[in-house]
Structure formats: C-alpha cells, structure tokens
Amino acid sequence: MTKTTAAAPVLGTRALNRATLDRQLLLRRSPLSARAAVEHVVGLQAQNVKPPYLALAARLEGFAPEELSRLMAEREVVRIVTLRSTIHTHTADDCLTLRPLVQPARDRELTTFRKGLPGVDLDRLAAVARELVEEAPRTMKQLREALYAEWPDADPQALGIAARCRLPLVQVTPRGLWGRSGQVALTTAEHWLGRPAEPAPAPEDVVLRYLAAFGPASVKDMQTWAGLTRLREPFERLRPRLLTFRDEGGVELFDLPGAPRPDEDTPAPPRFLPEFDNLLLSHVDRTRVVPPAYWGRSWVGNLVHRTFLVDGFLAGVWKPERDALVIEPFGSLTRAQRADLTAEGERMLGVLYPGTPYDIRFGTVIG
C-alpha cells in the first residue's frame, strides 16, 4: 500500500453499497426516460430478451415496457455484443462508439479460434460477411453456412465467431421487442442505424462515465466491467480531477468529486433484478452487493437466476411460475421485509403485466 493510498479515507462495504445503488438508480427510482437511463448506466446486460425491461422496471419511476420496445423498434437503442463479450442494450450513439472501444477484446477472443480458420483471410471474411448481412439480416446459422461455402476447410463455428468478432453485428427487430417473438437475425450496426461507426471515445471519457454509473471503483473494477486491460494510465491521467478512497482491504478507489455518496444507513428498499444485472457484474470485488456467504448462490452451472435485494444486498432469487411470483430467500426475513418484498413484487408485476392476476409466495432455496 502506498503512502497516498494509506492516507485516503476508507469507505466501508455499506458505504460502497449505498453509493453504487445510488449511481445504479436503485436507491430510489429515477424520473429519467428509458433512453436516458440506458445511456447513464452505459448499457444494460441483455443476454436474454426480458432483462433490460426488468432492469428498467426496478430503476425508473413511470416506466412502461412499451417505452423501451418503441426505442428498439425505432432504432434508438440496439442489442449488440460489447462489454465482456456479452450482449448489451445500448443507445445507438453508444453502440457506434463503445464497440470500437472494446474491439481489442474481440480481437483477443478471436485468437482462441484461429486454429479453426486455416487459410482464412480475416479481412476478406469480414468483407464477405458484411455483404451477406447487409444484403439481408441473417441468422448465425445462415451466416455460418454461407461462410462455410467460401471456406470449406474451416470450422463453421469458428467462421461465425470470426464474423461476430470482426463486425459490429446488431440483432434486428422484432427480436428484443416486448411481447413479441423473433429469432436472432443480424446485420451491421452501420447498416441498421444508417450511419457510419465513430472513433472510439477517449479512455478517460469512458472512465468518467463508468465512475458516474458504478463508482467509487478501482482500476480493476472497471477492467472487469469493460472486459479490457491496461486501464491504469487513463485513471492516472485523470487523478488530479478525481477523489481517491480505499476500501477496507486497502484497495485504492477513484470517484467523481460531485458524485453522490449517501450515508451508509440510508434506507435501501427491496428491488427485483433480472439475471445478469449490471449491478452484480461490474466490479472485481462484488462484496459491496453480494455477501460472501451468498457468493455463487445465484447460479447453478450455466443457469443464472433472477435475484432480489434486501437492505441493498443480494438476499435471494425469484422466478415467475405460471400465475405466481415465487420469492426464494437465502436466509430468514423479518415480517416487515416480507411485506416490503411483497409490495415491491406487486409493483413490478403491475408495471410489466398490468391487469394480469398473480399470486406472490415465498419458497425455500435448497443448497
């Protein structure tokens, strides 16, 4: 620990929890529009269709699923692979800049599949794939088959991954619309949005946005969030403009001078979150949200559960089951906490499924 870090004020786990909840619009619901909220949190994890809707229902006052669905239909927000090599819902502007920012990570990902691409010129593959998906949106299966016809000695799976890594492929609607179904069909972001990609933003600008949405945070926290490496330099260049703290383990944390850091005793209402919510994935040390005793309890193998918060911390999982919302706590809950969760569940269901009768019941987590 350096002398500078040792002298920095300490932020305990609860203080970090309340600050992060505030930045994530989870300490109190925000009046922001859906578009402004997606921009503020720098995108929403969207491995499945419903998580962005669930995430905004937890964060926004007056949100209706049709608002985000309309933005998607009008191409103001899109679904694209960006941070951590996973699908996110981003504003169109962020799509065209953040994808270039994380391109080095996509290039590294591609190197692991290079053995399946003998004799494949990646620049030509990108050009062929672009022509195919801009001629008409293609499913990944259709794209792989068309590329395999060009390179029959290559592994079809590797060909598809190469196209995804080299090109900014977005999922076209109706995929992602609320209450609609549709298989994943892809075209380029430039073709879908009708404008060219823009240069990657300066790393310092992204650091400031990350801290506004997830701070206080360490360099490794941001690297975990972005799926990038070597971000120490932009933090150092910004150091004169930032505040520094340390966590209880002595790790240096950076923050914006004017950002909210509520008192650690600020009440944190219960919230129901989707699977893969950004709150749970955007720090290398997740104890600010996940109690150590509950680490690993929200997933089984490749199955990731939807989660809920009590007093700002992960407290269990939930699931829709026919005409019921089933709440499965990891530990005992007080009568008041159960009542508050029930009220929050009723509110969430009223936002997402107005007029649909649902029961709310508590179950038990096994294992």
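The preceding data block contains the structure.
Residues numbered from 1 in each chain as written. Predicted model: local features only at pLDDT ≥ 70, side-chain atom pairs only at ≥ 80, totals over all residues. Heavy atoms only, no water.

**Student:** Would you mind going over the overall build of the protein with me for this structure?
**Tutor:** Scanning the protein for helices and strands turns up 15 helices and 14 strands. A compact globule built from 367 residues would reach a C-alpha radius of gyration of about 21 Å, and the protein, at 22 Å, matches this within 12%. Burial statistics for the protein: of 367 residues in total, 52% are counted as buried. (Helix = DSSP H or I, 4+ residues; strand = E, 2+ residues; numbered from the N terminus. Rg over C-alpha atoms; globule rule 2.2 N^0.38 Å. Buried < 20%, exposed > 50% of the residue type's maximum accessible area, 1.4 Å probe, protein only.)

**Student:** Quick question: what am I supposed to make of the pattern of salt bridges here?
**Tutor:** A side chain with one charge can pair with a side chain of the opposite charge if their charged atoms come near. Tallied over the entire structure, the rule returns 34 salt bridges. With its nearest N and O atoms 3.0 Å apart, the salt bridge here joins Glu-74 to Arg-70. In this structure, the salt-bridge partner of Glu-321 is Arg-361, at a minimum N-O distance of 2.6 Å. Taken as a pair, Glu-321 in strand β12 (residues 313-321) and Arg-361 in strand β14 (residues 359-362) lie far apart in primary sequence, 40 residues in all. A relative accessible area of 32% places Glu-321 in the partly exposed class. Judged by its relative accessible area of 39%, Arg-361 is partly exposed. Taken together, the salt bridges that share partners define one network made up of Arg-35, Glu-39, Glu-76, Asp-93, Arg-195 and Glu-198. (Salt bridge = Lys/Arg side-chain N within 4 Å of Asp/Glu carboxyl O.)

**Student:** Sorry, what's going on with the sheet that holds strand β1 (residues 44-45) here?
**Tutor:** To summarise the sheet geometry, strands pair through backbone hydrogen bonds and adopt either a parallel or an antiparallel arrangement. Spatially, five strands are ordered β1-β3-β2-β4-β5 in an open sheet, and the strand pairing comes out antiparallel. Edge positions in the open sheet fall to β1 and β5 (186-188), since each of these has one partner strand only. Alignment of strand β4 (residues 169-171) against β5, held across three bridges, turns out to be antiparallel. In the sheet register, Val-170 faces β5, and the bridge partner there is Thr-187. (Pairing = 2+ DSSP bridges.)

**Student:** I tried to follow the packing of aromatic side chains on my own but got confused; where do I start?
**Tutor:** The relation between two aromatic rings is expressed through the spacing of the ring centres and the mutual angle of the planes. Enumeration over the complete set of coordinates arrives at eleven aromatic pairs. Look at Tyr-210 and Phe-214: their rings are 5.2 Å apart centre to centre, the planes differ by 20 degrees, and that puts the pair in the stacked class. Here the residue Tyr-210 and the residue Phe-214 both occupy positions in helix α12 (residues 203-214), the gap between them amounting to four residues, near one helical turn. The same class applies to Tyr-210 as to Phe-214, namely buried. Ring-pair connections join several aromatic residues into one group, and the members of that group are Tyr-53, Trp-178, Tyr-353 and Tyr-358. The positively charged end of Arg-75 is found above the aromatic ring belonging to Trp-192, 3.4 Å away from the centroid. One Lys or Arg, Arg-338, reaches over the ring of Phe-362 and ends 4.5 Å from the middle of that ring. (Phe/Tyr/Trp six-rings, centres within 6.5 Å; stacked < 30°, edge-to-face > 60°. Lys NZ or Arg CZ within 6 Å of the ring centre and 35° of its normal.)

**Student:** What is the right way to read α12 from this model?
**Tutor:** Think of an α-helix as turning once every 3.6 residues; residues three or four places apart then point the same way. Between its first and last C-alpha atoms α12 spans 16 Å; for twelve residues at 1.5 Å apiece the expected length is 16 Å, and the two agree. Among all positions in α12, only Glu-204, Val-206, Val-207, Tyr-210, Leu-211, Ala-213 and Phe-214 are buried. Buried residues along α12 sit against α2 (13-23), α3 (34-40), α6 (92-101), α13 (219-226), α14 (232-238) and β7 (252-255). (Expected span 1.5 Å × (residues − 1). Contact = heavy atoms within 4.5 Å.)

**Student:** Teacher, can you tell me more about the state of the cysteines here?
**Tutor:** A covalent bond between the sulfur atoms of two cysteines is what we call a disulfide. Applying the stated criterion across every chain, the model contains zero disulfides. The thiol sulfur of Cys-95 is not disulfide-bonded, and the nearest other cysteine sulfur, from Cys-165, lies at 16 Å. Since its relative accessible area comes to 1%, Cys-95 is described here as buried. (Disulfide = S-S within 2.5 Å.)

**Student:** Where do I start with the side chain of Gln-45 in this structure?
**Tutor:** Relative to the helices and strands, Gln-45 is located in strand β1. Exposure remark for Gln-45: the relative accessible area of 5% places this residue in the buried category. A polar atom in the side chain of Gln-45 sits 3.3 Å from the side chain of His-88. What Gln-45 contacts, discounting residues up to four positions off in sequence, is Pro-51, Pro-52, Arg-84, Thr-86, Ile-87, His-88, Phe-276, Asn-278 and Leu-281. (Polar contact = N/O pair within 3.5 Å; in protein donor to acceptor, adjacent residues only side chain to side chain.)

**Student:** How should I be thinking about the sheet that holds β14 in this particular structure?
**Tutor:** Taken in spatial order, the five strands make up an open sheet running β8-β11-β12-β13-β14, and their pairing is mixed. The sheet is open, and its two edges are formed by β8 (271-273) and β14, each paired on a single side. Along the sheet, successive strands turn relative to each other by an average axial angle of 30 degrees, direction set aside. The pairing of β8 with strand β11 (residues 306-310) spans three bridges and is antiparallel. Residue pairing in the sheet places Phe-272 in a bridge with Phe-308 of β11. On top of the sheet, helix α15 (residues 335-352) reaches β8, β11, β12, β13 (324-329) and β14; it is set at about 145 degrees to β14, its chief contact. (Axes fitted to C-alpha atoms, helices over the stretch in contact; angles between N-to-C directions.)

**Student:** I keep staring at unusual backbone geometry and nothing clicks. Help me out?
**Tutor:** Backbone geometry follows two general trends: most residues other than glycine have a negative phi, and most peptide bonds adopt the trans configuration. Backbone torsion omega between Thr-173 and Pro-174 reads 15 degrees, so that peptide bond is classified as cis. The phi dihedral of Leu-25 is positive, around 65 degrees, even though this residue is not glycine. Here Leu-25 shows up in the loop between α2 and α3. One non-glycine residue with positive phi stands out, namely Arg-230, at about 60 degrees. Here Arg-230 lies in the loop between α13 and α14.

**Student:** Sorry, what's going on with α13 here?
**Tutor:** Buried residues dominate α13, accounting for six of its eight residues. Within the sequence span of α13, burial applies to Val-219, Asp-221, Met-222, Gln-223, Trp-225 and Ala-226. Buried residues along α13 sit against α12, α14 and β7. Of the residues flanking the end of α13, it is Gly-227, one or two places downstream, whose phi is positive at about 75 degrees.

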